[in-house]
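The residues making up each chain are set out below.
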Protein chains: 2
Amino acid sequence: MNLILIEKQELTTDHTVVLTDHRGEHIKNVLRCSKNDEVRVGLVNGPTGSGRILDISPGQVVLKVDCTGPPPPRPLVDLILALPRPIMLKRILTQAASMGVDRIFLIKANRVEKSFFQSTLLKKRNFKPHLLFGLEQAMDTLVPQVSVHERFRPFVEDLLPEIVKQCPIRLAAHPDISQSLLQAVSPPITKKVILAIGPEGGWVDFEIEKFKEQKLIPFNMGPRILRVETAVVAILAQLDLCKRSPVIAIQHS
Amino acid sequence: MNLILIEKQELTTDHTVVLTDHRGEHIKNVLRCSKNDEVRVGLVNGPTGSGRILDISPGQVVLKVDCTGPPPPRPLVDLILALPRPIMLKRILTQAASMGVDRIFLIKANRVEKSFFQSTLLKKRNFKPHLLFGLEQAMDTLVPQVSVHERFRPFVEDLLPEIVKQCPIRLAAHPDISQSLLQAVSPPITKKVILAIGPEGGWVDFEIEKFKEQKLIPFNMGPRILRVETAVVAILAQLDLCKRSPVIAIQHS
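Residues numbered from 1 in each chain as written. Chains lettered and ligands numbered in written order. Predicted model: local features only at pLDDT ≥ 70, side-chain atom pairs only at ≥ 80, totals over all residues. Heavy atoms only, no water.

### Section: the packing of aromatic side chains
1) Next: Inspection of the entire model under this criterion finds eight aromatic pairs over all chains.
2) Next: Ring centres 4.8 Å apart and planes at 75° place the aromatic pair Trp 203 of chain B and Phe 211 of chain B in the edge-to-face group. The same class applies to Trp 203 of chain B as to Phe 211 of chain B, namely buried.
3) Next: An aromatic cluster is present here, built from Phe 152, Trp 203, Phe 206 and Phe 211 of chain A joined pairwise through their rings. (Phe/Tyr/Trp six-rings, centres within 6.5 Å; stacked < 30°, edge-to-face > 60°. Buried < 20%, exposed > 50% of the residue type's maximum accessible area, 1.4 Å probe, protein only.)

### Some points on the sheet that holds strand S11 (residues 217-219) of chain B
Picture the strands of a sheet paired through backbone hydrogen bonds; they go either parallel or antiparallel.
Residue and element names in this part refer to chain B.
1) Next: Strands sit in the order S8-S7-S6-S10-S9-S11 across an open sheet of six strands; the sheet is parallel. At either margin of the open sheet sits one strand with a lone partner, and together these are strand S8 (145-149) and S11. Averaged over all neighbouring strand pairs, the angle between strand axes comes to 20°, with direction disregarded.
2) Next: One ladder, built from five bridges, connects strand S7 (residues 103-107) with S8; its direction is parallel. Within the sheet, the bridge partner assigned to Ile 107 lies in S8 and is His 149. (Pairing = 2+ DSSP bridges. Helix = DSSP H or I, 4+ residues; strand = E, 2+ residues; numbered from the N terminus. Axes fitted to C-alpha atoms, helices over the stretch in contact; angles between N-to-C directions.)

### Let's talk about the domain arrangement of chain A
All names here are of chain A.
1) Next: When the domains of chain A are assigned, the result is domain 1 (4-66) and domain 2 (77-244).
2) Next: Taken together, the contact between domain 1 and domain 2 spans eleven residues of the former and nine residues of the latter.
3) Next: In this assembly, domain 1 packs against domain 2 so that about 720 Å² is buried in total across both faces, 58% of it on carbon and sulfur atoms.
4) Next: Applying the counting rule to domain 1 against domain 2 returns one salt bridge.
5) Next: Taken together, the connections running from domain 1 to domain 2 amount to five residue pairs in polar contact (both at pLDDT 80 or more).
6) Next: Looking at which element gives the most residues to the side of domain 1 that touches domain 2, the answer is strand S3 (residues 38-43), with three residues.
7) Next: Taken together, the residues of the side of domain 1 that touches domain 2 break down into four nonpolar, five polar and two charged. (Domains from an automatic or database assignment. Contact = heavy atoms within 4.5 Å. Buried area = accessible area lost by both parts, 1.4 Å probe. Salt bridge = Lys/Arg side-chain N within 4 Å of Asp/Glu carboxyl O. Polar contact = N/O pair within 3.5 Å; in protein donor to acceptor, adjacent residues only side chain to side chain. Nonpolar A, V, L, I, M, F, W, Y, C, P; charged D, E, K, R; others polar.)

### Describing the interface of chain A and chain B
1) Next: With 43 residues of chain A at the contact, the number on the chain B side is 43 residues.
2) Next: Both faces considered, chain A and chain B share a buried interface measuring about 3600 Å² in area, 57% of it formed by carbon and sulfur atoms.
3) Next: The largest contributions to the chain A side of the interface with chain B come from Arg 224, Leu 241 and Arg 244 of chain A, which together make up 20% of the buried area.
4) Next: Residue Asp 140 of chain B pairs with Arg 224 of chain A through a salt bridge whose shortest N-O separation is 2.8 Å.
5) Next: Our count for the contact surface shared by chain A and chain B stands at 18 residue pairs in polar contact (both at pLDDT 80 or more).
6) Next: Secondary-structure elements contributing two or more residues to the side of chain A that touches chain B are helix H2 (86-99), helix H4 (128-138), helix H6 (181-184), helix H8 (228-244) and strand S12 (247-251) of chain A.
7) Next: The dominant element in the side of chain A that touches chain B, judged by the number of residues it contributes, is H8 of chain A, at ten residues.
8) Next: Across the side of chain A that touches chain B, the residue classes tally to 22 nonpolar, 14 polar and seven charged.

### Thoughts on the sheet that holds strand S5 (residues 60-66) of chain B
All names here are of chain B.
1) Next: Ordered by their spatial adjacency, five strands build an open sheet running S1-S3-S4-S5-S2, and the pairing between neighbours is mixed. Strand pairing shows two members of the sheet lacking a second neighbour, strand S1 (4-6) and strand S2 (16-19), which therefore form its edges. This sheet shows a mean twist of 40° between the axes of neighbouring strands, independent of strand direction.
2) Next: Relative to strand S3 (residues 38-43), S1 runs parallel, the two being bridged by three bridges. Counterpart to Leu 5 in the pairing with S3 is Gly 42.

### Focus: the packing of H2 of chain A against H8 of chain A
Residues and elements named next belong to chain A.
1) Next: One way to put it is that H2 packs onto H8 with a least axis distance of 9 Å and a crossing angle of 10°. Considered as vectors, H2 and H8 are oriented roughly parallel to each other. Here Met 88, Arg 91, Ile 92, Gln 95, Ala 96 and Met 99 of H2 come into contact with H8, specifically with Val 228, Glu 229, Val 232, Val 233, Leu 236 and Ala 237.
2) Next: Taken together, the residues of the contact of H2 with H8 sort by class into nine nonpolar, one polar and two charged. (Parallel < 35°, antiparallel > 145°, perpendicular 65-115°, else oblique.)

### Thoughts on the relation of the copies chain A and chain B
1) Next: It takes a turn of 180° to lay chain A on chain B, together with a shift of 0.0 Å along the axis; the resulting RMSD is 0.0 Å. Expressed as an axis order, the relation between the two copies is that of a two-fold axis.
2) Next: Interface residue correspondence from chain A to chain B reaches 100%, placing this contact among same-surface, isologous pairings. (Least-squares fit on C-alpha atoms with pLDDT ≥ 70 in both.)

### Points about the environment of Arg 23 of chain A
All names here are of chain A.
1) Next: One can find Arg 23 in helix H1 (residues 22-30).
2) Next: You can call Arg 23 buried: its relative accessible area is 7%.
3) Next: Residues Arg 23 and Val 44, spaced 21 residues apart in sequence, show a C-alpha to C-alpha distance of 14 Å.
4) Next: Once residues within four sequence positions are removed from consideration, Arg 23 is found in contact with Met 1, Ile 4, Leu 5, Ile 6 and Glu 10.
5) Next: A polar contact of 2.7 Å, which involves the side chain of Arg 23, links it to the side chain of Glu 10.

As structure tokens, this is what we get:
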């Protein structure tokens, strides 16, 4: 935890907060702070800053919060993800939040088991703790917006056309294709990206055709088949490299 | 599991193998194969090919193995990794093997807890199952060679000079540095890479100086602080993109 994330409604009018959960434990046991020490603090979906420790005792930590820095920039990537197995989804949400994504669309696909939508995690839509865990790590405050779409066709036909309007760079990871990411995009990436990542086993032809209709460009990650949770981190990392790169001229030799 | 990995000593003289463990279960319950079906097979540290099912019954699966294809190419990356917490190490070994690494040097660093070296996993050096799990996923057969180095200084002073002789591209991930990966290397990467990834909290100054003496170039992964297991996948993915890229001319604008 590199940033203590606080919900705005936890703050009192004099900008103090009483932490009695894992955040207080972290300040005491990992950071080993004392009274008057400062810790890095962020307001959920808001600015970052610092918190000075007014009181530290076995049951609680009281912080005086001063968050006046600008919020971090919104991540450039929206992620369409064929709903993975719930236990894997938790880790993916955390890792995706730590890498930086703006919106996450969890969708049905041919190779997604219907029962995944019946899991407790999906029914309660209790994604936030897993997302915050990744944000605390990455020192970000902007919680990715997660939505769930139980039917593929209404998603791609009705919603996706609206999504892609905001995303000039459109990508679909797909193993049955020869072109690599660098053949599908031209770094540096400076505009919003929509990225679709399929289930274990990949998208079926119908699905990839539907994505192509919306101008998503299929690309592959090489001959090694990655688990979805590995692929999510790997592709986001590659996009980040493309984003951070200086001007690159690719010479297709 | 995209490849059924078999140890050479499991094969009989007529090239059959009897599977009674998770591999047999996978063939029955996930692949749902029948007699005479073929599955993708690889010999550990050897060639890939196919296995025809001679017998499938509740207790076992018998395969006739035909592995005559060339073994996959050796990965280009050697990884120096500050020993992570054992539970995290298991996942990292699996993910690193699935991304492709040649050798893994697990080393002590200032911010590595000594107790990690006393864990059962480290004492038994039983890394292979975790590595095979990643290889089965990635359809590779070459098991990364893992070695353990309980003291930092002998490793960097005595062993590292030998390692770097084989690795023209030398990198050390380090958050306290401004240059990115694309400022530290020039794609496409075609030569062997040595990559050092530090513990949670990063390398200390002394360690990074020691790496610099061996011409490892420090680079950072951007403002987001990643957990080590995320960083390993992210950096290997970025190196893979650099490896797979067409000729790239970087114009530092």
